[in-house]
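What follows is the residue order along each chain.
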Amino acid sequence: MDPGVQRRMWRNAALSLLLYALPVLLMLLTLAVRGTKPWDHAAVTTASRAHSHGYGFLIFILVLGLTEFSLGLYGQKWNRNEKMLDLACFALPKLVFAPFFAWFSLTVLPVLFPTQHNIFSWVPFAWGVFILCVADDLTQYWYHRVHHEIPWLWRFHRTHHSAPYMGMSMAGRQNVIYSIVFSQTYLTSVLVYLGLGPAAAVVLGVKSTITTLAHSSIPWDKPLYRVRALNPVAWLVERVISTPATHHAHHASSTDDGVGFYKGNFGNMFFLWDVIFGTGHISRQYPAEYGITHYEGDPWYAQLMWPLFKSNIPGSELAADGPVVRIEANAGEVPVEA
């Protein structure tokens, strides 16, 4: 890793510790000022199924996907191989990941924390939402960022960047190991088990909607930039949450045009983390090309389950003898690092 990048990461990590603690400290300060002790009369509640989306969100993504497809926004680049990968990544969270994390919550956590179930059920709902917003999304920001800035982790995240198009299906296009091993869901599962289930259900619903819309090929944020009266709203929105313009820039195949910025814009629900840590780039424009410049259509199963399955594309980062990070011969730079 570049020494300058490493130093910046350590500084940002130290600041993150303060950000993690901030909502808890503010909550305790507020309760102390009011002279209330809700933990003295806490009622035991049943943890919500925070990691399963209801029918409302499923209908939302199906309608969004059909709209993108009917408008031809995927173009000719959505070939059979890409369809197979996107469909597999769409189905696995519902058929495999959700049951796995349910098992983790119901079987592993009671063993690790046998007497702590719902111990924090006294936390007021609004404060629970604040705590989850920071804990879940800031953690995901970091595990997303390290997969770009630590070379040996890149191949676990490469699948998410290989597509030469953008769309709602991109939100879940991930390598299986990236989704299972490098996941903030473990932290969220623990907080749900400890009593923040209702807040987590709301936060994850909002987060899923924002991240799906940020990956969508429908540029819903363009009117905010074009209509002068909406410019102040645009200024605030694009610095708080991920928008298509800022997140599409992260998926650009190049940074040469001043629009693409795969070296930053790591935020998932909140772009605010990129603003705070100096990893953000706002241009209010969309990249001309997406994906990885040296991508040659690695088989969908290799992208889904590397390193269990390898690519048959010579020179690919997912091939048996492939490089950790492929360096562009014409540019002489690592395409995913600062």
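**Things to note about the overall build of the chain**
Next up, step 1: Helix and strand counts for the chain come out as 12 helices and 0 strands.
Next up, step 2: Among the 338 residues that make up the chain, the fraction classed as buried is 48%.
Next up, step 3: In the chain, the share of contacts with a sequence separation of at least 24, taken over all contacts with a separation of at least 6, comes to 74%.
Next up, step 4: In the form shown here, the chain has an accessible surface area of approximately 16300 Å², with 67% of it arising from carbon and sulfur atoms.

**As for the environment of Lys 207**
Next up, step 1: Note that Lys 207 resides in helix H7 (residues 185–215).
Next up, step 2: Under the relative-accessibility criterion, Lys 207 is labelled buried at 6%.
Next up, step 3: Between the C-alpha atom of Lys 207 and that of Ile 241, which follows or precedes it by 34 residues, the distance is 9.5 Å.
Next up, step 4: Among the polar contacts listed, one links the side chain of Lys 207 to the side chain of Gln 140, at a separation of 2.3 Å.

**Re the packing of helix H4 (residues 125–149) against H7**
Next up, step 1: The N-to-C vectors of H4 and H7 enclose an angle of 85 degrees; their axes lie 8 Å apart at closest approach. Judged on the interaxial angle alone, H7 and H4 are roughly perpendicular. For the pair H4 and H7, contact is made by Phe 125, Gly 128, Val 129, Ile 131, Leu 132, Cys 133, Ala 135, Asp 136, Asp 137, Thr 139 and Gln 140 and by Leu 187, Thr 188, Leu 191, Leu 196, Pro 198, Ala 199, Ala 200, Val 202, Val 203, Leu 204 and Lys 207, respectively.

**Regarding the nonpolar core**
For soluble globular proteins, the rule of thumb is that nonpolar side chains tend to be buried together.
Next up, step 1: Judged by nonpolar contacts, the single largest core of 35 residues is most densely connected at Met 27, Val 123, Leu 138, Tyr 141, Trp 142, Trp 273 and Phe 277.
Next up, step 2: The set of elements that each furnish at least two residues to this core consists of helix H1 (3–34), H4, H7 and helix H11 (272–277).
Next up, step 3: Ranked by the residues each element gives to this core, the list is headed by H4, at 11 residues.
Next up, step 4: Residues contacting Trp 273, with those up to four places away along its chain left out, are Leu 19, Cys 133, Val 134, Asp 137, Leu 138 and Tyr 141.
Next up, step 5: Core analysis: the next-biggest nonpolar cluster, separate from the first, contains 9 residues, Leu 92, Phe 97, Val 176 and Ile 180 among them.

**Points about H4**
Next up, step 1: Here H4 contains 25 residues, and its C-alpha end-to-end distance of 36 Å stays within 8% of the 36 Å for a straight helix at 1.5 Å per residue.
Next up, step 2: Most of H4 is tucked away: 21 of the 25 residues are buried.

What counts, and at which threshold
The numbering scheme is per chain: residues are counted from 1 as the chain's sequence reads. Note on the predicted model: pLDDT of at least 70 is required for a residue's local features to be given, and 80 or more for side-chain atom pairs to be given and counted; whole-chain, interface and lining totals, by contrast, use all residues. Side-chain measures here rest on the full set of heavy atoms in the structure, leaving out hydrogens and waters. Working definition: helices are DSSP H or I runs of at least four residues, strands are E runs of at least two. Numbering for both runs from the N terminus. In this scheme, a residue with accessible area under 20% of its type's maximum is buried, one over 50% is exposed, and one in between is partly exposed, where area comes from a 1.4 Å probe on protein chains only. Whether two residues are in contact is decided by their heavy atoms, any of which lying within 4.5 Å being enough. Working definition of accessibility: Shrake-Rupley area with a 1.4 Å probe, residue cover restricted to the visible protein chains. Pairing of N or O atoms within 3.5 Å defines a polar contact, subject to two protein rules: one partner must be a possible hydrogen donor and the other a possible acceptor, and residues neighboring in sequence count only if both atoms are side-chain atoms. For every element, the axis is a line fit to its C-alpha atoms; helices are fit only across the contacting stretch, and the angle between N-to-C directions ranges from 0 to 180 degrees. Here is the rule for angles: anything less than 35 degrees is roughly parallel, anything more than 145 is roughly antiparallel, 65 through 115 is roughly perpendicular, and the remaining ranges are oblique. Buried Ala, Val, Leu, Ile, Met, Phe, Trp, Tyr and Cys residues form a nonpolar core when they are joined through side-chain atoms within 4.5 Å. In this scheme, a helix's expected span is set at 1.5 Å multiplied by one less than its residue total.

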